[in-house]
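# Commentary on secondary and tertiary structure
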Amino acid sequence: MRYDLVFEGGGAKGMGFVGAYEEFIGRGYTFGRLLGTSAGAITAALLAAGYTPDEMLQALTEKENGKSVFTGFMGEPAPFTQEEIRASAIRTLLRNVNLKLLPGFIEDRLDDAITETLAQSPGSRHFFAFVERGGWFAADRFVAWLKTKLDSGPWKGGRRRFSGMTLAQFFAATQVDLSVVASDTSDGRLLVLNHRTAPDCPAVWAVRMSMSIPLVWNEVIWAADWGAYLGRTLTGHSVVDGGVLSNFPIELFISDEPQVTKVMGPKQDAAVLGLLIDESLPVPLVARKRGILVDVNVKPGELRTVQRITREFDMSDERREALVKAGRDAMAAYFDKKPARRAAARGARAVGAKRVKPTADRIAARLLGQ
């Protein structure tokens, strides 16, 4: 049986998707279309590139200097050009503060010196990037990592060579209908990036935009050579994490309204399966301490903002294994429902179809700004 799969955003907790997918294909199921947001976009892109569960686990558990490779994604901001510094919001703010006791030319020099120091000093460069680029960290290492992954490993008798492809080229090569969700903050609109809507957008940068958590990573500025989105130019627009506007847009696979199929393509016969991370549930973790097995309940959601993200990226091997197992167990539980319960569920869907579809149509239209 084939399913269209939707992957929610969830940061490093998306590790659970690996276990869920392992159980999914282990039971003989296959996927059709793929839709992901943020961490879900990374998962969807790797699946579209033909990654097996073992390959995904290996990619997502890589280490550098004893730490998760993901911690390197919290990179130092790239140097600021003199043009950026002169045109910065901080420089404008200082220019608008008038110190009456100082001559104008001296105040201008002081403002320039303060701005230059903030932009170039290692101690304040993150703050300058936070204000001017919308994020504390650069994600250049993530882009390099994803390019490496899309060019690594065997694929159809050859090697993967996807890193330089646009979304249209990626679809032509893989024949996998991949969509990732991002947020255009310049227009306040949801973007569903795929080979229909943004054919000239690089696949790597589509995922990079989808995972760009605001205030954490620098926002992405849409480049002119990335082409149009549904015929509309986005050059110069700021784009961030799709979770800002929709972290789990499953309605886009359910609705068959014309404005939705224009973006997602014709409605498919495949069932739709959404992989949603329930942060209210504890993740059972078995850790070794002084030779004794200790049961620990780790509740996702206890840590917040940048500290939480950093710590989750550098999670222990035990926690990572627990998340993978939790995903595997959740998928097994779904497919292990008793036949009577599955039949009852199908009946309920049939009875409620007249209510469910209009709701999906309405939500999908709202997501797309229709």
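Cut-offs used in this document
Residues numbered from 1 in each chain as written. Predicted model: local features only at pLDDT ≥ 70, side-chain atom pairs only at ≥ 80, totals over all residues. Heavy atoms only, no water. Helix = DSSP H or I, 4+ residues; strand = E, 2+ residues; numbered from the N terminus. Buried < 20%, exposed > 50% of the residue type's maximum accessible area, 1.4 Å probe, protein only. Contact = heavy atoms within 4.5 Å. Areas by Shrake-Rupley, 256 points an atom, 1.4 Å probe, with all protein chains shown as cover. Arc of directions from axis to C-beta. Patch = residues over 30% accessible without salt bridge, like charges linked within 9 Å, V, L, I, M, F, W, Y side chains within 5 Å. Salt bridge = Lys/Arg side-chain N within 4 Å of Asp/Glu carboxyl O. Polar contact = N/O pair within 3.5 Å; in protein donor to acceptor, adjacent residues only side chain to side chain. pLDDT = per-residue confidence, 0-100. Pairing = 2+ DSSP bridges. Phe/Tyr/Trp six-rings, centres within 6.5 Å; stacked < 30°, edge-to-face > 60°. Lys NZ or Arg CZ within 6 Å of the ring centre and 35° of its normal.

## Observations regarding the overall build of the chain
Across its full length, the chain holds 15 helices and 17 strands. Here the chain holds 370 residues, and the buried ones make up 47% of them. Across the chain, every contact between residues at least 6 apart in sequence was considered, and the portion connecting residues at least 24 apart equals 73%. Only carbon and sulfur atoms are counted for the fraction: they give 56% of the accessible area of the chain, which is about 18400 Å².

## As for helix H8 (residues 140-150)
Buried within H8 we find Phe142, Val143, Trp145, Leu146, Lys149 and Leu150. Buried residues along H8 cover an arc of 165 degrees about the axis, so they all sit on one side.

## Quick look at a nonpolar patch on the surface
There is a patch of nonpolar side chains on the surface, built from Leu93, Val97, Leu99, Leu102, Phe105, Ile106, Leu110 and Ile114 and spanning about 650 Å² of accessible area. For the nonpolar patch, the element with the most residues is helix H6 (residues 104-120), which contributes 4 residues. If you trace the backbone, Leu110 turns up in helix H6.

## A word on the side chain of Arg133
Turning to its location among the elements, Arg133 is positioned in helix H7 (residues 125-133). Side-chain polar atoms of Arg133 contact the backbone oxygen of Pro79, separated by 3.3 Å. Residues contacting Arg133, with those up to four places away along its chain left out, are Pro77, Ala78, Pro79, Phe80, Glu84, Phe128, Asn218 and Glu219.

## Some words on the pattern of salt bridges
Scanning the model with the defined rule gives 12 salt bridges in all. The partner of Arg33 in a salt bridge is Asp4, and the shortest N-O contact between them spans 3.0 Å. Pair noted here: Arg33 is in strand E2 (residues 30-37) and Asp4 is in strand E1 (residues 2-7), with a separation of 29 residues, a long-range link. No difference in accessibility class separates Arg33 from Asp4, as the two residues are buried. In this structure, the salt-bridge partner of Glu64 is Arg141, at a minimum N-O distance of 2.5 Å. With a gap of 77 residues between them, Glu64 in strand E3 (residues 63-64) and Arg141 in helix H8 connect regions that are remote in the sequence. For Glu64, a relative accessible area of 38% puts it in the partly exposed group. One connected set of salt bridges, linked through shared partners, spans Glu23, Arg27 and Asp336.

## A closer look at the confidence of the model for the chain
With 85% of its residues at a pLDDT of 70 or more, the chain has an overall mean of 85. Considering only residues more than four positions removed or in separate chains, one finds that residues 286-308, a stretch of pLDDT under 50, has 35 contacts.

## Examining the environment of Glu321
Structurally, the position occupied by Glu321 is in helix H14 (residues 317-335). With 260 residues separating them along the chain, Glu321 and Thr61 place their C-alpha atoms 9.8 Å apart.

## As for the pairing of strand E8 (residues 178-184)
Within E8, 7 of the 7 residues are buried, which leaves it mostly tucked inside the rest of the structure. Burial along E8 is two-sided: Leu178, Val180, Ala182 and Asp184 facing one way and Ser179, Val181 and Ser183 facing the other are all buried. As judged from the 4 bridges shared by E2 and E8, these two strands associate in the parallel manner. Within E8, the residue paired with Leu35 across the bridge is Ser179. In terms of strand pairing, E8 meets strand E9 (residues 189-193) through 5 bridges, oriented antiparallel. Within the sheet, the bridge partner assigned to Ala182 lies in E9 and is Leu191.

## Quick look at the packing of aromatic side chains
Throughout the structure, instances matching the rule amount to 19 aromatic pairs. Between Tyr29 and Phe335, the aromatic rings sit 4.3 Å apart at their centres with planes inclined by 15 degrees, giving stacked as the arrangement. With Tyr29 in the loop between helix H1 (16-26) and E2 and Phe335 in helix H14, this residue pair connects regions lying 306 residues apart in the sequence. Of the two residues examined, Tyr29 and Phe335, each falls in the buried class. Ring centres of Phe73 and Phe142 lie 5.4 Å apart, and the angle between their planes is 85 degrees; on these two criteria the pair is classed as edge-to-face. Residue Phe73 is found in the loop between strand E4 (67-68) and helix H4 (82-86), and its partner Phe142 is found in helix H8; the two are separated by 69 residues along the sequence. You'll find Phe73 and Phe142 in the same group, each marked buried. By way of ring pairs, the aromatic residues Tyr3, Tyr21, Phe24, Tyr29, Phe31, Tyr334 and Phe335 are connected into one cluster. The ring of Phe80 has Arg133 lying over it, and the distance from NZ or CZ to the ring centre is 3.8 Å.

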